[in-house]
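Residues per chain are reported as follows:
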Amino acid sequence: MSSVRKAVVIAFLLLLVPAAFAQATGAIDFTSNLQRIDGFGAAIAFQRSNLMHGLTGLTPENQARLMDLLFSQKRGIGLSIVRLGVGSSPTAEPYDSMHSIQPVDPGGPDAPPQYVWNHDDDGQVWVSTQASLYGVRRFLASPWSAPGYMKTNGTDKNGGSLCGLTGTTCASGDWRQAYANYLAQYLKFYQQEGLQITDFSLQNELNFTATYASMRYTTGQAVEMIKILGPTIKAASPTTNIVCCEPAQWNSGPAYNSAILADPVASSYTDIFAGHEYGSAARTPYAGGKTVWMTEWGLNGSTWNAAWDLNETQSRAFVLANDIMDALRLGNINAYVYWVAGSLGATRAFVQIPNPGPDFVVSKRLYAMGAFSKFIRPNAYRVSANTTNSNVKITAFRNASGSKVIEIINNATTPIQGTYTLDAGSADAVPTTYVSDETHDIGEVGNATISGTTLTVTLPRRSLTTIVLPPQNIEGTEQLAATTTLSKFGDGTYQATVKITNKGTGTIENVSLTSALLGAATGTTLPESELPQSLGSIAPGGYMTTSVTFPASAGPSGSASVARFTGTYDGGTFSTGLRVMLP
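Since the model is a prediction, treat every value here as computed from it, not as a measurement.

(A) Representation of empty space enclosed by the protein. Inspection of every chain in the model, using the stated rule, returns one cavity of 30 Å³ or more. Considering the residues around the largest cavity, the lining is formed by Trp144, Asn204, Glu205, Phe208, Ala210, Tyr212, Ala213 and Ser214. Here the residues of the lining of the largest cavity are counted per class, giving five nonpolar, two polar and one charged.

Structure (structure tokens):
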């Protein structure tokens, strides 16, 4: 064969060989501790809960399917935080306002309050109750405004300030304590429904004036009101966290945070610093050593967009995936709460609920959130992870159960081959890999292998890859302990939250709750599953929680009763019995 012909053949053969993938290398250390993760959630305010509860003709079957999709870790995305809107309007206009629990001026700030409670709160009680049955334990309540009669402008809309704050003048008097009492009463109403508001915000976007419900605070006024709201909320619920200040832009937070930190009393009552991402994103950590939440951001766009990486630039699910990743790794946030879970036609929502129903439409934004919320559970810790390729972003987490999660985004338009060195404790783990992209919705694939301490993974173009490593078996003593807390629903039934803790030195595999008894009533764990309920594995020092619902026949409020739970795990059984007072 001539040299010319040989060269042609070689060139042709080379065309048949795929070009080598770009490379990304780095290291992941699951023994390190960065920030704790409190969870991932979404807002249900401004009549969005009513939409989910059939206001638009959503059938009961589809309502249940939607709750499953939002809150089930097995069949959905496992959201662990629900953000509520505290109402301020005397009448709730469709989709644009929220009912006040005191719609009429009682006659001044010192007059006896005239609260009104409809056990519904624009559908938020129903959605929150459903969420609690799936194990959601964090409920954040954010007021958008005080009722208009408490404000300088006489309406709950268009900004204005709370009467009585420094710099305000109102003929009606000083409403600061009356408003704090109003917010505490909102919390108490939820307690009556068997729901605990765990986190209470001073104000939604206190630096922004909107045509809908809105109210402003200066930094000094925020400090002033925290010192009134803090003790009032803590008196109603000592374990509820006070959240401040949820400004519209992330970079507006430090001014409010610094003012609070400079006042020892206000700082002592403030548990969580929070901010939103409109105009500036969570790319720098908040100083001060407090827990930090990103409590609102939603994608922009002019039309409904269900795609991952197509159509309008600002409403793509891939944009959301990048934002969550960056807020975790650059902003060092402890929680991420999206706006909004479901809506009538908004481009931002996870699901669109057309009017009339009977069904809903899912956007891939749901799966962008779910790739994080489904696998990274409350009380996980972010760990050290790095990568060399500028098109690749990586974060990693260690759950309390002992499972480990790696999140990797490939922003390039071509696949990338990743090679990462793991810590010795993760050697030879068997990973389960999921991909979210234009053709996968947290779809399980076989893209990753671990050999020794080397993780090899193929990252598809424009994708989010989630790699889950199972809990590590550790030789040692196994010791389980179960504790319970009780709450009561409005229909008289009781809910027990069972916490099963591994106090030993070895990982306990295949933990299952097999029976539950309160007084003479047997419990169920609906809707997730009936007993027995599989809980998975628990690492040393870790724990699992689950909810069990008991009928009203368990006993009358205030009576003494016995709570007993039994279960199994690989190699043994456990049980606990304790005397409790029914709430």
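(B) How the structure looks around helix 6 (residues 219–236). The end-to-end C-alpha distance of helix 6, which contains 18 residues, comes to 26 Å, matching closely the 26 Å that a straight helix rising 1.5 Å per residue would cover. Of all the bends in helix 6, the greatest measures close to 25° and is centred on isoleucine 226. Among the residues of helix 6, those classed as buried are Gln221, Ala222, Val223, Glu224, Met225, Ile226, Ile228, Leu229, Gly230, Thr232, Ile233 and Ala236.

(C) A look at the sheet that holds strand 6 (residues 199–201). Taken together, the eight strands give a closed barrel; going around it, the order is 3-4-5-6-7-8-9-10, and neighbouring strands pair in parallel fashion. Neighbour-to-neighbour, the strand axes of this sheet turn through a mean angle of 25°, independent of strand direction. Here five bridges tie strand 8 (residues 272–276) to strand 9 (residues 291–296), and the two strands are oriented parallel to one another. When the bridges of strand 9 are listed, alanine 274 appears paired with tryptophan 293. Of the strands in this sheet, strand 4 (81–86), strand 5 (138–143) and strand 6 are in contact with helix 5 (residues 176–192), which crosses strand 4 at around 135°. Across the sheet, helix 9 (residues 317–329) is in contact with strand 3 (39–43) and strand 10 (335–338); its angle to strand 10 comes to roughly 150°.

(D) Region of the structure containing the layout of surface pockets. Roughly 1600 Å³ of internal volume is contained in the largest pocket. Around the largest pocket, the lining is made up of 50 residues, and of these Gln73, Arg377, Pro378, Met544 and Thr545 lie nearest the centre. Of the residues in the lining of the largest pocket, the class split is 19 nonpolar, 23 polar and eight charged.

(E) How the structure looks around the packing of aromatic side chains. Tallied over the full model, the rule gives 18 aromatic pairs. Ring centres 4.1 Å apart and planes at 10° place the aromatic pair tryptophan 250 and tyrosine 286 in the stacked group. With a gap of 36 residues between them, tryptophan 250 in the loop between strand 7 (241–245) and helix 7 (253–261) and tyrosine 286 in the loop between strand 8 and strand 9 connect regions that are remote in the sequence. The residues tryptophan 250 and tyrosine 286 share a single accessibility class, namely buried. Directly above the ring of tryptophan 304 sits arginine 365, whose terminal nitrogen or CZ lies 5.0 Å from the centroid. It is lysine 499 that lies over the ring of tyrosine 543; its NZ or CZ is 4.3 Å from the centre.

(F) Looking closely at the side chain of glutamate 407. When you line up the elements, glutamate 407 lands in strand 16 (residues 404–410). Among buried charged residues, glutamate 407 stands out as having no salt bridge; its nearest opposite-charge side chain is arginine 377, 11 Å away. Within the structure, the side chain of glutamate 407 is placed 2.7 Å from the side chain of threonine 466, a separation counted as a polar contact. Those residues in contact with glutamate 407 that sit more than four places away from it in its chain are Met325, Ala371, Phe372, Ile376, Lys393, Ile394, Thr395, Phe397, Leu464, Thr465 and Thr466.

(G) Structural detail: the environment of glycine 135. In this structure, glycine 135 sits in the loop between helix 4 (124–133) and strand 5. Judged by relative accessible area, which is 31%, glycine 135 ranks as partly exposed. With 63 residues separating them in the primary sequence, glycine 135 and serine 72 have C-alpha atoms 8.6 Å apart.

(H) Fine view of the pairing of strand 28 (residues 543–550). For strand 28, the buried fraction is high: six of the eight residues fall into the buried class. Bridge analysis of strand 24 (residues 494–502) against strand 28 gives eight bridges, and the strand direction is antiparallel. The partner of glutamine 495 across the bridge, within strand 28, is threonine 549.

Conventions adopted
- Residue numbers restart at each chain and count upward from 1, following the sequence in its written direction.
- Under the rules for a predicted model, residues below a pLDDT of 70 receive no local features and side-chain atom pairs below 80 are neither given nor counted, while totals for whole chains, interfaces and linings still include all residues.
- Think of the side-chain values as coming from all heavy atoms in the structure, minus any hydrogens and water.
- Residues are called lining when one of their atoms sits within 4 Å of a cavity or pocket point, these points coming from a 1 Å grid over the protein atoms alone, where a cavity is a set in which a 1.4 Å probe fits but cannot get out and a pocket is an open set with protein on both sides within 12 Å along at least five of seven lines.
- Grid points are joined across faces, edges and corners, and a volume is the space filled by probe spheres set on the points.
- Each residue receives one of three labels: charged for Asp, Glu, Lys and Arg, nonpolar for Ala, Val, Leu, Ile, Met, Phe, Trp, Tyr, Cys and Pro, and polar for the others, Gly being one of them.
- Numbering goes from the N terminus for both helices and strands, where a helix is a DSSP run of H or I of at least four residues and a strand is a run of E of at least two.
- Expected span of a helix, by definition, is 1.5 Å for each gap between consecutive residues, and there is one gap fewer than residues.
- What we call the bend at a residue is the angle made by axes fitted to the seven residues finishing there and the seven residues starting there.
- Only protein chains enter the area calculation, which uses a 1.4 Å probe; residues under 20% of their type maximum are buried, those over 50% are exposed, and those in between are partly exposed.
- We call two strands paired when DSSP finds no fewer than two bridges between them.
- The axes used here are C-alpha line fits, helices contributing only the stretch in contact, and every angle between their N-to-C directions lies in the interval 0 to 180 degrees.
- Any pair of residues with heavy atoms lying within 4.5 Å of one another is described as a contacting pair.
- Here the aromatic set is Phe, Tyr and Trp, taking the six-membered ring for Trp, and pairing holds for ring centres within 6.5 Å; pairs whose planes are under 30 degrees apart are stacked, those over 60 apart are edge-to-face, and all others are tilted.
- Whether a charge lies above a ring is judged from NZ of Lys or CZ of Arg, which has to be within 6 Å of the ring centre and within 35 degrees of the ring normal.
- Counting rule for charge: Lys and Arg are taken as positive, Asp and Glu as negative, and neither His nor the chain ends is counted.
- Salt bridge, as applied in this entry: a Lys or Arg side-chain nitrogen positioned within 4 Å of an Asp or Glu carboxyl oxygen.
- Whenever two N or O atoms come within 3.5 Å, that pair is a polar contact, provided that in protein one can donate a hydrogen and the other can accept it, and provided that, for residues adjacent in sequence, both atoms are side-chain atoms.

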